[in-house]
Amino acid sequence: MLILVLSFFALMGCNQDKDVTAGEKNAGSKNSDIKKSNNPMVVSVNGIELTENVLDADINRKLEPMKAQFPQDRIEQIKSQMRDKFIDNFIIRTVISQEAKKKKVLVSEKEINSKIAEIEKSLPAGITMEKALPMNGMSVESMRKEIKFGLTSNKLFDTEIKNDTTPSEEKI
């Protein structure tokens, strides 16, 4: 099951500027009952909630740099499509993050910095990281979170593949 989820995530190529910890902030807070009445929950995954306000803020943050490229009458349709993808991504990221935590899969700052250097080298001439990030609706912090999540999920996937035993002739 986990391998299926990981494969799905890899195929989706998640770009979402979303960290599961944003949902975790809503879970278990002292004012959670008050927040729930003004900020309805969209989905809950193993106790981690994604609320309407967080979802709307994420969609608007991602859509803002691209708004001028779309006709105004299509913005609501685009938001609806983004909403579905953000919810799916939240579910997948939460499950993967929790599984990585459970299996103690860690990524070092050195690995993150190495990946950033690799990305910087691959940028087209004249484009710096400082220019590229805002064009993609990202900050340095969100990029680092995305890289950390990507490296973590890759390590988790590799761990699962290595632990997967080859089926016997009888099972085949």
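Owing to the predicted nature of the structure, the values given are computational and were not obtained by experimental measurement.

**Looking at the packing of aromatic side chains**
Okay, so step 1: Across all of its chains, the model carries zero aromatic pairs by this definition.
Okay, so step 2: Cation over ring: R93 sits above F149, and NZ or CZ is 4.1 Å from the ring centre.

**Topic: the environment of V54**
Okay, so step 1: Note on placement: V54 falls in helix α4 (residues 52–63).
Okay, so step 2: Placed 13 residues apart in sequence, V54 and M41 show a C-alpha to C-alpha distance of 9.6 Å.

**Here's the deal with the nonpolar core**
Okay, so step 1: In terms of nonpolar packing, the biggest core is built from 14 residues, with V43, L50, L55, M82 and F90 touching the most fellow members.
Okay, so step 2: Those elements giving two or more residues to this core turn out to be β1 (41–45), β2 (48–51), α4 and α5 (75–102).
Okay, so step 3: Core analysis: the second largest hydrophobic core is formed by eight residues, V107, I116, M129 and L133 among them.

**Observations concerning the pattern of salt bridges**
Okay, so step 1: Applying the stated criterion across every chain yields a total of eleven salt bridges.
Okay, so step 2: R61 is the partner of D58 in a salt bridge, and the nearest nitrogen-oxygen pair spans 2.3 Å. With D58 and R61 both in helix α4, this residue pair falls three residues apart, about one helical turn.
Okay, so step 3: The buried category is assigned to D58, whose relative accessible area is 6%.

**Thoughts on the environment of E111**
Okay, so step 1: If you trace the backbone, E111 turns up in helix α6 (residues 109–122).
Okay, so step 2: The exposure class assigned to E111 is partly exposed, which follows from its relative accessible area of 31%.
Okay, so step 3: Residues E111 and K148, 37 residues apart in the sequence, show an inter-C-alpha distance of 8.4 Å.
Okay, so step 4: If we ignore the near neighbours within four places in the chain, the residues touching E111 are L106, L151 and K155.
Okay, so step 5: Polar side-chain contacts of E111 include one of 3.0 Å to the side chain of K155.

Cut-offs used in this document
Residues numbered from 1 in each chain as written. Predicted model: local features only at pLDDT ≥ 70, side-chain atom pairs only at ≥ 80, totals over all residues. Heavy atoms only, no water. Phe/Tyr/Trp six-rings, centres within 6.5 Å; stacked < 30°, edge-to-face > 60°. Lys NZ or Arg CZ within 6 Å of the ring centre and 35° of its normal. Helix = DSSP H or I, 4+ residues; strand = E, 2+ residues; numbered from the N terminus. Core = buried A, V, L, I, M, F, W, Y, C linked by side-chain atoms within 4.5 Å. Buried < 20%, exposed > 50% of the residue type's maximum accessible area, 1.4 Å probe, protein only. Salt bridge = Lys/Arg side-chain N within 4 Å of Asp/Glu carboxyl O. Contact = heavy atoms within 4.5 Å. Polar contact = N/O pair within 3.5 Å; in protein donor to acceptor, adjacent residues only side chain to side chain.

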